[in-house]
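Remarks on the overall topology
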Amino acid sequence: MDSSSLTQQFFQQLINGVSLGSIYALIALGYTMVYGIIRLINFAHGDIYMLGAYAGYFATTYFKMSFFPALIFSMVVAAIVGMLIERLAYRPLRGAPKIAILITAIGVSLLLEYGGIILVTPQPRTFPELFSTTTFNFMGMIVNSQQIVILGISLALMFILTYVVNKTKVGKAMRAVSFDTDAARLMGINVDRIISFTFAIGSSLAAAAGILVGIYYNSIDPLMGIMPGLKAFVAAVLGGIGVIPGAMVGGILLGVIEALVSGFLSSTFRDAAAFIILIVILLFKPSGLFGKNIREKV
Amino acid sequence: MRIKMKRDLSALVACIALYLLVMVLMETEVIGSYWQLNIVLICINIILAVSLNLITGFTGQFSIGHAGFMAVGAYMSAVFTVKLGMSFGAGILAGAGAAAILGFAIGLPTLRLQGDYLAIATLGLGEIIRITILNIPYVGGASGLMGIPRYTNFTWAFFAMIITVFFIKNFINSSHGRACISIRENEIAAEAMGVDTTKYKVIAFTIGAAFAGVAGGLFSHYFYIAHPASFTFMKSFDILTMVVLGGLGSISGSITAAILLTFISAALASYPEWRMVIYSLMLIILMIYRPQGLFGNKEIGLKIFSRILGGGQHGAAQNK
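Rules and cut-offs
- Residues numbered from 1 in each chain as written.
- Chains lettered and ligands numbered in written order.
- Predicted model: local features only at pLDDT ≥ 70, side-chain atom pairs only at ≥ 80, totals over all residues.
- Helix = DSSP H or I, 4+ residues; strand = E, 2+ residues; numbered from the N terminus.
- Rg over C-alpha atoms; globule rule 2.2 N^0.38 Å.
- Buried ≥ 20, exposed ≤ 12 C-beta atoms within 10 Å, placed from the backbone.
- Contact = placed C-beta atoms within 7 Å.
- Nonpolar A, V, L, I, M, F, W, Y, C, P; charged D, E, K, R; others polar.
- Pairing = 2+ DSSP bridges.
- Core = buried A, V, L, I, M, F, W, Y, C linked by C-beta atoms within 7 Å.
- Axes fitted to C-alpha atoms, helices over the stretch in contact; angles between N-to-C directions.
- Parallel < 35°, antiparallel > 145°, perpendicular 65-115°, else oblique.
- Left-handed = near helix turned anticlockwise from the far one by under 90°.
- Expected span 1.5 Å × (residues − 1).
- pLDDT = per-residue confidence, 0-100.

Looking only at helices and strands, chain B features 13 helices and 0 strands. Tracing chain B from N to C terminus, the helices and strands come up as α-α-α-α-α-α-α-α-α-α-α-α-α. In terms of overall dimensions, chain B is globule-like: its C-alpha atoms have a radius of gyration of 20 Å, near the 20 Å expected for 320 residues. Its C-alpha atoms give chain B principal-axis dimensions of about 60 × 55 × 40 Å.

Structural data, given as structure tokens:
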């Protein structure tokens, strides 16, 4: 392999990595927001992404919706399910030991996965083609229209999220609750409602990621959320958990690293790469790339 | 001290009686081969649950990478018996040793992490172990290590289980075990009292890993095969469910839960997805209504049985 084709392959993997990474970023945002606000690793988040993909599948195949209505539909469905999960499983445990909440989150995740298998059968389904695929050849590198759509939609959603969090009243309340829950409550913020709202936003972003993945890989199944869910968590940790721009950068970075590993080393090591990054980050810079160092109080 | 020895001795006698009883039932074919398989599985699951309970329940270090150590034990023991032609006992010991070394090597850096970070890191490590094994052609790669002789029988599984339970029970009741419990209760206070928290966390982790390795060795020598797909983090969740259901910090709880859940999964063998749905609902409901598990951190032992059998007087006398 000469050097010019090597650079070409490098840039090709970079493109693949960015489009995969923007999906991780969308899921990671939900993790990071929920963690920022109630310090919970919501293991069920990856399964919300699966649920979003299925909602999109049913919307497009049975209700014959086109792409944008289906996207909105599945985001709304996921938001409702996210709020329900928070209300039924996590709210009764507010103030319980962390380990209890974490085990509940694992339980919810298993319930969605295997409940999903019972409801929609474990067979993978073919996601309908919503766009005609055009491939662009750009200086020897191949970019297809789906990758452009994925990147475009992800960036748009991230932009909207940043606007909501930074410029609106609800966003201000979210930041307040995340900074100091008790003080926020004293200031008259309805903390439970804000937490509910955070779950809704996070879940809808995951659902959007689910539809985009459906379009990209053409295939969805009830257990599809496990690995991307874990990896998105790695992305959130990489960027600094609780920090919204961190999740975006962490997601794209992770996607790129994975693409490079599978392109230049071996695709079987792709999954290990994410976990190795996780452990290295946790050991050497647990606050992540963008996080602030907070000392644990006695 | 003598009372303790006496209690241990009577427990041992009870165990041997149980062993003989099950053995007779098996020989006379009252227990068919399907249930024989489940009884061996129960023994293996008890080893896994009790060893994880030492890490998660008693020392309070939330680990979801237990299946990884089980995998190391399964493969290492199989390599010893199949590739090197050693005896089964040597294989089990090698499996336990390899898992212990790995547990030590992993535990030393990661146990600085706390709570959910530790959980996710151990989950990641378990997966890294599995993916690494998947990429070693020497042990069969993705198709698994096949042709393992079936050395595990009820006797091996039962006595490995008894040794595990006794070892961990005595460890907990020793001063080292008390140090571990103090870390669970309050790490900062334990450290202030002079407990070397890192040391005890790593000790608990290493012992837990070693016994997971034993369980892995028994597992692979019962099912003729060591396959990477048997040791995903779903297996770790299975073990965690047993520990949580029985009660974090209760050995008898773990034993009861392991028996119960093995029976449930045997009964639902033809509907595997329902099994997981029931597991997951159990976890959620348990955490909301009884977060301490069935037994909390209490133990039921022979004392209760003697109280039931020999009337209240005898039990009350022993209590004093």
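On we go from here.
In terms of regular secondary structure, chain A is built from 11 helices and 4 strands. Counting the 298 residues in chain A, one finds 51% classified as buried. Considering only contacts within chain A whose residues lie at least 6 apart along the sequence, 76% involve residues at least 24 apart.

Below, the discussion takes up the interface of chain A and chain B. Many structure descriptions define interface size as the accessible area lost when the parts assemble. Between chain A and chain B, the residue contacts involve 33 residues of the former and 30 residues of the latter. Mapped by element, the contributors of at least two residues to the side of chain A that touches chain B are α4 (98–120) and α11 (270–284) of chain A. At 15 residues, the largest contribution of residues to the side of chain A that touches chain B is made by α4(A). Across the side of chain A that touches chain B, the residue classes tally to 27 nonpolar, 4 polar and 2 charged.

Bridge count for strand β2 (residues 135–138) of chain A against strand β3 (residues 141–144) of chain A is 4 bridges, and the pairing is antiparallel. Bridge assignment links A:Phe136 to a residue of β3(A), and that residue is A:Val143.

What follows concerns the nonpolar core. Counting residues in hydrophobic clusters, the biggest one holds 201 residues, and the most contacted among them are A:Ala207, A:Ala208, A:Leu278 and B:Ile47. In terms of residue count, helix α1 (residues 3–38) of chain A provides more of this core than any other element does, 15 residues in total. Not counting the four nearest positions on each side in its chain, A:Ala208 is found in contact with A:Leu26, A:Gly52, A:Leu71, A:Met75, A:Ile153 and A:Leu157.

With that settled, consider the packing of α1(A) against helix α8 (residues 191–217) of chain A. Residue and element names in this part refer to chain A. Where α1 meets α8, the axes come as close as 8 Å, and the angle between the chain directions of the two elements is 165 degrees. One way to sum up the angle between α1 and α8 is to call them roughly antiparallel. Crossing of α1 over α8 shows left-handed handedness. Where α1 abuts α8, its residues Ile23, Leu26, Ile27, Leu29, Gly30, Met33, Val34, Ile37 and Ile38 lie against Ile195, Thr198, Phe199, Ile201, Gly202, Ser203, Leu205, Ala206, Ala208, Ala209, Leu212 and Val213. Of the residues belonging to the contact of α1 with α8, the class tally is 17 nonpolar, 4 polar and no charged.

Residue and element names in this part refer to chain B. The geometry of helix α7 (residues 175–185) relative to helix α9 (residues 197–220) is characterised by a closest axis approach of 9 Å and an angle of 105 degrees between their N-to-C directions. In terms of orientation, α7 lies roughly perpendicular with respect to α9. Between α7 and α9, the contacting residues are His176, Ala179, Cys180 and Ile183 on the first element and Thr197, Tyr200, Lys201, Ile203 and Ala204 on the second. Along the lines of polarity and charge, the residues of the contact of α7 with α9 split into 6 nonpolar, 2 polar and 1 charged.

With that settled, consider the environment of A:Ala206. Residues and elements named next belong to chain A. Turning to its location among the elements, Ala206 is positioned in helix α8. For Ala206, a count of 36 C-beta atoms within 10 Å puts it in the buried group. Separated by 96 residues in sequence, Ala206 and Leu110 place their C-alpha atoms 17 Å apart. The residues touching Ala206, leaving out its near neighbours within four places in the chain, are Leu26, Ile27, Gly30, His45, Ile48, Tyr49, Gly52 and Ala78.

Residue and element names in this part refer to chain A. By secondary structure assignment, the location of Ala156 is in helix α5 (residues 145–167). Judged by local crowding, Ala156 falls into the exposed class, with 11 C-beta atoms found within 10 Å. When the C-alpha positions of Ala156 and Tyr24 are compared, they lie 15 Å apart, and in sequence the two are 132 residues distant.

So, about helix α2 (residues 45–61) of chain A. Between its first and last C-alpha atoms α2(A) spans 25 Å; for 17 residues at 1.5 Å apiece the expected length is 24 Å, and the two agree. Of all the 17 residues making up α2(A), 15 are buried; the element is thus mostly covered by neighbouring parts of the structure.

Looking now at helix α9 (residues 226–239) of chain A. An α-helical segment advances 3.6 residues per turn. Residues three or four places apart therefore align on the same side. The end-to-end C-alpha separation of α9(A) is 20 Å, in line with the 20 Å expected for 14 residues at 1.5 Å each. Within α9(A), 12 of the 14 residues are buried, leaving the element largely enclosed by the surrounding structure. Of all the positions in α9(A), only A:Pro228, A:Gly229, A:Leu230, A:Lys231, A:Ala232, A:Phe233, A:Val234, A:Ala235, A:Ala236, A:Val237, A:Leu238 and A:Gly239 are classed as buried. If you follow the buried residues of α9(A), they end up packed against α1, α2, α10 (244–264) and α11 of chain A together with α5 (115–134) of chain B.

With that settled, consider unusual backbone geometry. Despite not being glycine, A:Arg39 shows a phi value in the positive range, around 55 degrees. Mapping A:Arg39 onto the fold places it in the loop between α1 and α2. Looking at A:Arg39, the number of C-beta atoms within 10 Å reads 15, which means it is partly exposed. Here the phi dihedral of B:Tyr224 falls at roughly 65 degrees; this positive angle occurs in a residue that is not glycine. With respect to the helices and strands, the residue B:Tyr224 is situated in the loop between α9 and α10 (233–246).

Within the element layout of this structure, A:Leu186 appears in helix α7 (residues 181–186). In the structure, A:Leu186 is positioned 130 residues away from A:Gly56 in sequence and 41 Å away in space, judged by C-alpha atoms.

All names here are of chain B. Averaged over chain B, the pLDDT score is 86; the fraction of residues at 70 or greater is 93%. Helix α13 (residues 302–319) is the least confidently modelled element of chain B, averaging 48 in pLDDT, while α9 averages 95, the highest of any element. Segment residues 310–320: pLDDT under 50, and 7 contacts once partners within four positions in sequence are set aside and those in other chains are kept. Scored by ipTM, the complex comes to 0.81, with pTM at 0.86.

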